[in-house]
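A look at the structure
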Amino acid sequence: MSVWVIAEQRDGNLQKVSLELLGKGKELANKLGTNLVAVLAGYEIEKLAKTLIRYGADEVLVLDHILLKNYTTDGYTKAIEKVVKCKNPEIILIGATNIGRDLGPRLAARLKTGLTADCTGLDIDENSKNLLMTRPAFGGNLMATIECPNHRPQMATVRPGVFPLPCPDEKREGKIQKIEVDLKEKDIRTVVEKIVKSLEDKVDITEAKVIVSGGRGLGSKEGFELLKELASLLGGVVGASRAAVDSGWIGKDHQVGQTGKTVRPKLYIACGISGAIQHLAGMQDSEYIIAINKDENAPIMSIADLAIVGDLYKVIPELINEIKAYKNSCEVVNI
Ligand SMILES: Cc1cc2nc3c(=O)[nH]c(=O)nc-3n(C[C@H](O)[C@H](O)[C@H](O)COP(=O)(O)OP(=O)(O)OC[C@H]3O[C@@H](n4cnc5c(N)ncnc54)[C@H](O)[C@@H]3O)c2cc1C
């Protein structure tokens, strides 16, 4: 009956989404009156189990095997399928990362059950006790809530960044159980020859506390230089709308929205962004939103905590000057 989270680790580092899922998973488990289990697969990763417990897991199933060192669809599916069949969880949550999106459907097909991909909301139906899995559909114009009433486990992949990171509790205790993994080299058809990490200036906008985001209203690639200056003064990073990314002004890594990343910084400054629903889907949970736009009727203005109507090329340089003057005059504020 338990709720499971498949914890994703890369090079021995837990992915943030797995911890976010533990927070949400705990809530679902409490509603069902059951426990929360994390499944941790990899090689020599047992030390991560304690972190999973601190973040909310009641029990951690550790699948440790040399053939699970690198992620492969075959290896991970086979190992996890076996424990699922043996323990029959009620719900399985997986982060919708590149790896999670690969593993989820393969596992669901093996288990002959339903999977909702890329969810942005999860809840338990009070009457049926089924998992309610909500995700944007039709290009984000419709939110679909999907149930899987007749098959178990109910499976969902979940967008990174949509659920808040729970606070770790150093005193929490839980059970760590090692599961024997029966894998042979011939089970794995993929040969991982090399893992190459991009040397590009990669940004992780999902971790930033301040995001200064630019859209088509910037009018050119150079506009981002101005945003970078503002962002660095605030200790933040630069985000973008899809229109700006599609125009080739900035890399896809910076894209916020339904087909980009979901962010929830303390401060989101939207500059020259109209606020299309697909963009809002990725940033509307930010703690404080400032919108700078020429058009007072742009949809972004109605969700902004502070809406500045004006030309961003006038407003931002003034803002930069004010912040510099403030920083010179008194102690630096840590946001
Ligand atoms: C399936 C699908 C997925 C999508 N996924 C995403 C996504 O992940 N992220 C995303 O962002 N979009 C996404 N989109 C696109 C989305 O629908 C919008 O087209 C896009 O967000 C618009 O970007 P924008 O706000 O930068 O541009 P626009 O809508 O063109 O808005 C530009 C704004 O800038 C203002 N402006 C112009 N000049 C100035 C100035 N000098 N000073 C101040 N303001 C100025 C204008 O008033 C206007 O409001 C998706 C669309 C589809 C169909």
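Definitions and limits used
Residues numbered from 1 in each chain as written. Predicted model: local features only at pLDDT ≥ 70, side-chain atom pairs only at ≥ 80, totals over all residues. Heavy atoms only, no water. Helix = DSSP H or I, 4+ residues; strand = E, 2+ residues; numbered from the N terminus. Rg over C-alpha atoms; globule rule 2.2 N^0.38 Å. Buried < 20%, exposed > 50% of the residue type's maximum accessible area, 1.4 Å probe, protein only. Core = buried A, V, L, I, M, F, W, Y, C linked by side-chain atoms within 4.5 Å. 1 Å grid on protein atoms, 1.4 Å probe; cavity = no way out; pocket = protein on both sides within 12 Å on 5 of 7 lines; lining within 4 Å. Points joined across faces, edges and corners; volume = space filled by probe spheres on them. Nonpolar A, V, L, I, M, F, W, Y, C, P; charged D, E, K, R; others polar. Domains from an automatic or database assignment. Near = heavy atom within 4 Å. Polar contact = N/O pair within 3.5 Å; in protein donor to acceptor, adjacent residues only side chain to side chain. UniProt positions renumbered as here; feature names shortened; annotations may be inferred. Pairing = 2+ DSSP bridges. Axes fitted to C-alpha atoms, helices over the stretch in contact; angles between N-to-C directions. Contact = heavy atoms within 4.5 Å.

Moving on, we get to the overall build of the protein. Per the secondary structure count, the protein includes 9 helices and 17 strands. Taken over C-alpha atoms, the radius of gyration comes to 22 Å for the protein, in line with the 20 Å a tight globule of 335 residues would show. The dimensions of the protein, computed from C-alpha atoms along their principal axes, are 65 × 45 × 40 Å. By the burial criterion, 50% of the 335 residues in the protein qualify as buried.

Before going further, it helps to examine the nonpolar core. The biggest cluster of nonpolar side chains holds 35 residues, and the ones touching the most others in it are L22, L40, L52, V60, L93 and L122. No other element matches helix α1 (residues 16-32), which puts 7 residues into this core. Ranked by size, the runner-up nonpolar core spans 26 residues in total, among them V210, V238, I290 and V315.

Quantified by volume, the largest pocket comes out at close to 1,800 Å³. In terms of lining, the largest pocket is formed by 44 residues, of which the most central are R10, Q15, T97, N98 and I99. If you list the elements that add at least two residues to the lining of the largest pocket, you get β2 (9-10), α1 and α4 (98-111). Partitioning the lining of the largest pocket into residue classes produces 12 nonpolar, 14 polar and 18 charged. Built from parts of two domains, the lining of the largest pocket gets at least three residues from each of domain 1 (2-187) and domain 2 (210-332).

This part is about the site of the ligand. Around the ligand, 26 residues are found, and the nearest of them are R216, S241, T259, S274 and N293. Here R242 contributes a backbone N or O atom positioned 2.9 Å from an oxygen atom of the ligand. Between the ligand and T259, the relevant distance is 2.6 Å, taken from a nitrogen atom to a side-chain nitrogen or oxygen of the residue. Of all elements in the fold, only α6 (242-246) and α7 (277-280) reach the threshold of two or more residues within the shell around the ligand. Tallied by class, the residues present in the shell around the ligand amount to 6 nonpolar, 15 polar and 5 charged.

Attention now moves to the UniProt feature "domain: Electron transfer flavoprotein alpha/beta-subunit N-terminal" (unreviewed entry) in the protein. Per the UniProt entry, the sites bearing "domain: Electron transfer flavoprotein alpha/beta-subunit N-terminal" (unreviewed entry) are residues 3-192 in this numbering. End C-alpha to end C-alpha, residues 3-192 measures 31 Å, and it is 27% helix and 30% strand.

With that settled, consider the sheet that holds strand β7 (residues 115-119). Taken in spatial order, the 7 strands of this open sheet run β7-β11-β6-β1-β4-β5-β12, and their pairing is parallel. On the outer flanks of this sheet lie β7 and β12 (175-178), each paired with one strand and no other. Strand-to-strand twist of the sheet, defined as the mean angle between neighbouring strand axes without regard to direction, takes the value 20°. Bridge count for strand β5 (residues 59-64) against β12 is 4 bridges, and the pairing is parallel.

Here 3 strands make up an open sheet; going across it, the order is β8-β9-β10 and the pairing antiparallel. Unpaired on one side and paired on the other, β8 (121-124) and β10 (142-146) mark the two borders of the sheet. Going across the sheet, the axis of each strand differs from the next one's by a mean of 25°, ignoring polarity. Looking at chain direction, β8 and strand β9 (residues 131-137) are connected through 4 bridges and run antiparallel. Looking at the pairing, I124 lines up with L131 of β9. Its contacts with the sheet put α1 on β8 and β9, and the angle it makes with β8 is roughly 15°.

Its place among the elements puts T34 in the loop between α1 and β4 (36-42). What makes T34 buried here is its relative accessible area of 17%. Setting aside its immediate chain neighbours within four residues, T34 contacts M1, S2, V3 and A29.

Another aspect to go through is the side chain of E81. Within the secondary structure layout, E81 lies in helix α3 (residues 73-87). A relative accessible area of 13% means that E81 is categorised as buried. A distance of 2.7 Å separates the side chain of E81 from the side chain of K85, its partner in a polar contact. Those residues in contact with E81, other than ones at most four positions away along the chain, are L107, R110 and L111.

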